[in-house]
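Per-entry structural report
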Amino acid sequence: VDDSLSVNVYTTLLQELDDDNRLFTEIEINQLKKHKLMIDDYVRNENCDFLNDFYKAYTTAVERYNTTIATIKKEPFAPKSTETIQFSKKAFPYVKDGTELKRLYKKRILFHVLKDISEISKNKDSLQAHFENLFQTSKEKTFETFSCKSAGFQLTRTEFNSKFFGAFCNYFDPHTEYFSESDKSSFLSAVSADNLTFGMMISMNDKDEIIVDQVIPG
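1. Re the nonpolar core
Ranked by size, the top nonpolar core spans 41 residues in total, and within it Leu14, Phe24, Phe54, Tyr58, Ile109 and Phe160 carry the most contacts. Among the secondary structure elements, those contributing two or more residues to this core are α1 (3-17), α2 (26-32), α3 (39-44), α4 (50-74), α5 (98-118), α7 (131-153) and α8 (157-172). At eleven residues, the largest contribution of residues to this core is made by α4. Residue contacts for Phe54: discarding those within four places in its chain leaves Tyr10, Leu13, Leu14, Leu32, His35 and Phe160.

Have a look at this one:
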């Protein structure tokens, strides 16, 4: 239990909470960095008050996400832009503040709308002829998808603590997981020979849509 533990748990927890660095801002991360080398000391002193700072920052970030998406939806939304968009296998750096996050969200929404339209047909003339209607339909669907994401971001304090305990266990053994009472119940139900299901497995596709991933025989 040393600084290595602290850095690993700090990094893993942030990745669990915000894996693509698009919820927190640089300002918030700088405020949390004071804990980066101190978690081992907190644990030794049996003091977990530092988790309050993480949870407060996270809930603030999620509330800002919801508010920002709702604000963008109410504002005029142009179907074109001269901006560029970049892709990377690694997460991009945290943006400076909420203003930059809003610009980023708006750009990502427009990209998803245009991408959705482009996948409807290979006939460019047809897409251009019906673009206005297609844009409106795709925009509404994309905003709904982004709004629904917030439900997945919401964490109770128990769920949040479970993520910390999971990161802590993972440092000592990557095959060990921490189960809260609800996690334990779900796990036992999944491995039980007497469990009840809807007969299907669901997942999220690359468009963040819920799809039936597998039908369970019987």
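2. Notes on the packing of aromatic side chains
Scanning the entire structure with this criterion turns up 19 aromatic pairs. Consider the rings of Phe164 and Phe168, whose centres lie 6.2 Å apart with planes at 45°: the pair is tilted. Here Phe164 pairs with Phe168, and both are found in helix α8, just four residues apart, close to one helical turn. Through pairs of rings, three or more aromatic residues link up here, namely Tyr10, Tyr42, Phe50, Phe54, Phe164, Phe165, Phe168, Tyr171, Phe172 and Tyr178. We note Lys149 situated over the ring of Phe146; from NZ or CZ to the ring centre the distance is 4.9 Å.

3. Some remarks on the packing of α4 against α5
Taken N-terminus to C-terminus, the directions of α4 and α5 make an angle of 55°; their axes are 10 Å apart at the nearest point. Here α4 lies oblique to α5, going by the angle between them. The handedness of the crossing between α4 and α5 comes out as right-handed. Two secondary-structure elements touch here, α4 through Arg64, Tyr65, Thr68, Ile69, Thr71 and Ile72 and α5 through Gly98, Leu101, Lys102, Tyr105, Lys106 and Ile109.

4. Some points on the pattern of salt bridges
Under the definition given, this model contains nine salt bridges. With its nearest N and O atoms 3.5 Å apart, the salt bridge here joins Glu16 to Lys163. With Glu16 in helix α1 and Lys163 in helix α8, this residue pair connects regions lying 147 residues apart in the sequence. On the basis of relative accessible area, Lys163 is assigned to the partly exposed category, the value being 24%.

The rules behind these values
Residues numbered from 1 in each chain as written. Predicted model: local features only at pLDDT ≥ 70, side-chain atom pairs only at ≥ 80, totals over all residues. Heavy atoms only, no water. Core = buried A, V, L, I, M, F, W, Y, C linked by side-chain atoms within 4.5 Å. Buried < 20%, exposed > 50% of the residue type's maximum accessible area, 1.4 Å probe, protein only. Helix = DSSP H or I, 4+ residues; strand = E, 2+ residues; numbered from the N terminus. Contact = heavy atoms within 4.5 Å. Phe/Tyr/Trp six-rings, centres within 6.5 Å; stacked < 30°, edge-to-face > 60°. Lys NZ or Arg CZ within 6 Å of the ring centre and 35° of its normal. Axes fitted to C-alpha atoms, helices over the stretch in contact; angles between N-to-C directions. Parallel < 35°, antiparallel > 145°, perpendicular 65-115°, else oblique. Left-handed = near helix turned anticlockwise from the far one by under 90°. Salt bridge = Lys/Arg side-chain N within 4 Å of Asp/Glu carboxyl O.

Read these as geometric descriptors, not functional statements.
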